[in-house]
Amino acid sequence: MTKQQANWSPYDNNGGSCVAIAGADYCVIAADTRMSTGYNILTREYSKITKLADKCMMASSGFQADVKALQKLLAARHLIYQHQHNKQMSCPAMAQLLSNTLYYKRFFPYYSFNVLGGLDSEGKGCVYTYDAVGSYERVGYSSQGSGSTLIMPFLDNQLKSPSPLLLPAQDAVTPLSESEAVDLVKTVFASATERDIYTGDKLEIVVVNAEGIRSEYMDLRKD
Amino acid sequence: MMKLDFSGLESASSHFHGVDSELVEGLSRAPSFEIPNTTNFDGFQKEAIQMVKPAKGTTTLAFIFKEGVMVAADSRASMGGYISSQSVKKIIEINPYMLGTMAGGAADCQFWHRNLGIKALKKECEIEYINFLTYPMGEEFIGISHMFRCRLHELANRRRISVTGASKLLANILYSYRGMGLVGTVLPYYVDSEGGRLKGNRFSVGSGSPYAYGVLDSGYHYDMSVEEAAELARRAIYQATFRDGASGGVASVYHVGPNGWKKLSGDDVGELYYKYNPITPRMVEQEMAEAAEP
């Protein structure tokens with residue numbers, strides 16, 4: 001008797017790329033707005049960035065249905081937290097919540113590659129990067145999604161700082177200003193769009209700083 | 001079917017006494033792991049893991065010598081063929097006398113390490129004689145329940161549990177996780193979830209362990225000094241990162257002595273290469289002569 005293969009998979013990949021860069025007093029989160037399935041484009045104007053808390057944004061690529069479910073769960077948990085503690089969740093707290101939420105589906109994972117960005121309780125920029133089952137790390141910059149293998153080496157080239165594990169400890173400098181970081185993000189997406197079929201259409205950039213949250217858009221190649 | 005002990009997870013459920021709404025019910029259930037509704041669980045897991053590629057891969061090692069215990073690890077996490085991070089902390093400082101290391105699934109390690117309130121144990125753990133525990137695949141909560149049981153033994157019998165006893169306890173705990181590929185060491189013992197329990201002075205775990213073993217085994221003496229042992233551990237990790245693609249980043253070395261642990265070094269393995277293979281400056285005349293040869 002031949003082994004039967006599953007002819008239906010619960011997962012799909014809607015493509016797209018996300019990036020986040022942390023600075024001394026700001027955080028830039030960006031993602032393209034293309035949603036695809038296979039070789040088809042479903043829409044050119046889908047936002048992959050969502051606000052989880054006052055100073056905390058999440059950008060996710062992968063299977064957008066799982067992303068949507070994850071966002072709803074986190075929003076509900078945040079609301080409960082606000083009712084219980086009478087304050088917004090901080091970015092590090094939200095980061096851990098996301099990690100736990102992802103791990104609870106360890107045996108049936110959310111097909112979602114996330115990048116969390118915002119300001120920590122001291123007002124410094126923070127970026128957390130995740131894998132699909134919840135392992136996370138606070139970093140200075142990160143990218144996820146179909147274009148991440150194209151984007152990450154470039155960010156390493158421009159932004160890499162000495163590892164925090166080195167002994168004697170070396171200073172990690174974040175040299176970029178907010179406008180330089182935004183320019184870098186635009187450059188990076190323009191390049192990724194050239195070589196990744198799933199990245200393109202439009203770029204949504206969100207900047208979180210002490211004054212609040214502001215959004216910016218830039219057109220990308222539509223082919 | 002084995003019963004996985006998730007009692008450490010109960011937290012949110014206690015907040016919702018007497019509230020009946022449906023929404024809250026969904027959130028108030030004690031957190032449990034959703035299992036996919038499929039006839040072939042293992043096949044599904046295999047496919048899901050291949051698709052999602054959770055971060056893993058590593059080299060960690062530990063050995064006993066005259067001056068105590070030496071622990072070392074690399075810092076790379078890989079997702080399939082992509083390096084997802086070069087700065088993962090694989091040696092966890094549980095308390096001033098205890099270190100934990102992680103190998104295998106990063107999410108598994110982080111989750112269980114966190115959710116069993118290791119901080120609570122920081123006050124409780126004076127189990128200095130078990131000063132090193134390694135939990136690949138991250139089931140560190142086994143380490144916690146193991147530590148509790150060792151403490152219970154101590155309280156019940158009015159003396160500390162022996163290392164032999166501790167390793168036997170761990171082997172029995174791991175047995176309930178049979179088939180899940182867990183490995184642990186309670187030096188000088190190595191235990192795994194298949195029922196293996198081996199005694200030895202030195203162990204290495206992870207994808208780079210064969211390479212680390214080569215260096216470790218050839219250079220090991222019981223009577224090494226702390227500096228020699230540190231150099232051996234560092235060299236073993238370095239050689240493993242040299243040959244194993246899933247290991248790399250920063251080689252961290254810790255020493256656990258009678259007064260607790262101390263981090264001895266953290267070196268970028270790329271730079272260690274030049275330390276072990278220095279570039280010898282060549283004489284200009286020699287180079288000119290070589291260039292002149294047809």
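Remember, it's a predicted structure, so these values are computed and weren't measured experimentally. (Residues numbered from 1 in each chain as written. Chains lettered and ligands numbered in written order. Predicted model: local features only at pLDDT ≥ 70, side-chain atom pairs only at ≥ 80, totals over all residues. Heavy atoms only, no water.)

Enquirer: I would appreciate a short explanation of the sheet that holds strand β8 (residues 125–130) of chain A in the present structure.
Expert: What holds strands together in a sheet is hydrogen bonding between their backbones, with the strands either parallel or antiparallel. Residues and elements named next belong to chain A. Ordered by their spatial adjacency, 5 strands build an open sheet running β5-β6-β7-β8-β9, and the pairing between neighbours is antiparallel. This sheet does not close on itself; its edge strands, each paired only once, are β5 (49–53) and β9 (136–139). On average, adjacent strands in this sheet sit at an angle of 25° to one another, irrespective of strand direction. With 7 bridges connecting them, strand β6 (residues 56–62) and strand β7 (residues 112–119) associate as antiparallel partners. The partner of Ser-60 across the bridge, within β7, is Asn-114. Each of β5, β6, β7, β8 and β9 is contacted by helix α2 (residues 91–103), which is oriented at about 5° to β8, the strand it contacts most. (Pairing = 2+ DSSP bridges. Helix = DSSP H or I, 4+ residues; strand = E, 2+ residues; numbered from the N terminus. Axes fitted to C-alpha atoms, helices over the stretch in contact; angles between N-to-C directions. Contact = heavy atoms within 4.5 Å.)

Enquirer: When you look at the packing of aromatic side chains in this model, what are you seeing that I'm missing?
Expert: Ring pairs (aromatic) are described by centroid distance and by the angle formed between their planes. This model, assessed by the stated rule, comprises 12 aromatic pairs over all chains. Here the aromatic rings of Tyr-238 of chain B and Tyr-276 of chain B are separated by 4.9 Å at their centres, their planes lie at 45°, and the arrangement is tilted. In this pair, Tyr-238 of chain B is assigned in helix α8 (residues 226–243) and Tyr-276 of chain B in helix α9 (residues 269–276), connecting sequence segments 38 residues apart. Exposure class is identical for Tyr-238 of chain B and Tyr-276 of chain B. Each is buried. A cation over an aromatic ring shows up here: Lys-105 of chain A above the ring of Tyr-110 of chain A, its NZ or CZ 5.2 Å from the ring centre. In this structure, Arg-235 of chain B packs its charged tip against the face of Tyr-276 of chain B, placed 4.0 Å from the ring centre. (Phe/Tyr/Trp six-rings, centres within 6.5 Å; stacked < 30°, edge-to-face > 60°. Buried < 20%, exposed > 50% of the residue type's maximum accessible area, 1.4 Å probe, protein only. Lys NZ or Arg CZ within 6 Å of the ring centre and 35° of its normal.)

Enquirer: Which parts of the structure should I look at to understand the pairing of β8 of chain A?
Expert: Taken residue by residue, a regular strand's side chains alternate between the two faces of the sheet. Residue and element names in this part refer to chain A. Counting buried positions along β8 yields 6 of 6 residues, so the element is predominantly enclosed. Alternating residues of β8 divide into Gly-125, Val-127 and Thr-129 and Cys-126, Tyr-128 and Tyr-130, and every residue in both groups is buried. The pairing of β7 with β8 spans 5 bridges and is classified as antiparallel. When the bridges of β8 are listed, Val-115 appears paired with Thr-129. Connecting the antiparallel pair β7 and β8 is a turn made up of 5 residues, with Gly-123 showing a positive phi of about 90°. Inspection of the sheet shows β8 paired to β9 by 4 bridges, in the antiparallel sense. The partner of Tyr-130 across the bridge, within β9, is Tyr-136. In sequence, β8 turns back onto β9 through a hairpin of 5 residues, with Gly-134 there showing a positive phi of about 110°.

Enquirer: How should the pattern of salt bridges be read in this particular structure?
Expert: Oppositely charged side chains may form a pair once their charged atoms are brought near each other. A full pass over the atoms with the stated rule returns 16 salt bridges over all chains. Glu-194 of chain A serves as the salt-bridge partner of Arg-221 of chain A, at 3.9 Å between the closest nitrogen and oxygen. On the criterion of sequence distance, the pair formed by Arg-221 of chain A in the segment after β12 (212–219) and Glu-194 of chain A in helix α4 (residues 178–195) is long-range, its members being 27 residues apart. A salt bridge links Asp-267 of chain B to Arg-234 of chain B, with the nearest nitrogen and oxygen atoms 3.4 Å apart. With a gap of 33 residues between them, Asp-267 of chain B in strand β13 (residues 260–268) and Arg-234 of chain B in helix α8 connect regions that are remote in the sequence. (Salt bridge = Lys/Arg side-chain N within 4 Å of Asp/Glu carboxyl O.)

Enquirer: Would you explain the side chain of Asp-66 of chain A in this entry?
Expert: Inspection of the secondary structure assignment puts Asp-66 of chain A in helix α1 (residues 64–85). The buried charged residue Asp-66 of chain A lacks any salt bridge, with Lys-105 of chain A as its nearest oppositely charged partner at 5.8 Å. (Lys, Arg positive; Asp, Glu negative; His and termini not counted.)

Enquirer: Help me out: how do you make sense of the interface of chain A and chain B in this one?
Expert: The figure often quoted for interface size is the accessible area lost as the parts come together. Chain A puts 34 residues into the contact, and the matching count from chain B is 41 residues. Summed over both partners, the interface of chain A with chain B comes to about 3500 Å²; 65% of that surface belongs to carbon and sulfur atoms. If you sort the residues of chain A by the area they bury against chain B, Tyr-104, Phe-107 and Leu-165 of chain A come out on top, with a joint share of 25%. Across the chain A-chain B interface, the total number found is 0 salt bridges. Where the side of chain A that touches chain B is concerned, the elements lending two or more residues are α1, α2, β9 and α3 (148–159) of chain A. Of all the elements, α1 of chain A adds the most residues to the side of chain A that touches chain B, at 5 residues. Of the residues in the side of chain A that touches chain B, the class split is 20 nonpolar, 9 polar and 5 charged. (Buried area = accessible area lost by both parts, 1.4 Å probe. Nonpolar A, V, L, I, M, F, W, Y, C, P; charged D, E, K, R; others polar.)

Enquirer: Sorry, what's going on with the packing of α3 of chain A against α4 of chain A here?
Expert: The packing of two helices is summarised by the inter-axis angle and the distance between the axes. Residue and element names in this part refer to chain A. Contact pair α3 / α4: the axes reach a minimum separation of 9 Å and the direction vectors enclose 150°. The crossing of α3 and α4 is right-handed. On α4, the residues that touch Leu-150, Ile-151, Phe-154, Leu-155, Gln-158 and Leu-159 of α3 are Leu-184, Val-188, Ala-192 and Arg-195. Grouping the constituent residues of the contact of α3 with α4 by class yields 8 nonpolar, 1 polar and 1 charged. (Left-handed = near helix turned anticlockwise from the far one by under 90°.)

Enquirer: Where do I start with the sheet that holds strand β2 (residues 26–32) of chain A in this structure?
Expert: All names here are of chain A. What the 5 strands build is an open sheet, ordered β10-β1-β2-β11-β12; its pairing is antiparallel. Pairing within the sheet leaves two strands with one partner each, and these edge strands are β10 (141–145) and β12. Strand after strand, the sheet turns through a mean of 15° between neighbouring axes, direction not considered. Relative to β12, strand β11 (residues 202–209) runs antiparallel, the two sharing 8 bridges. Counterpart to Lys-202 in the pairing with β12 is Asp-219. Strands in contact with α3 are β1 (17–22) and β10; relative to β10, the strand with the most contacts, it is inclined by about 170°.

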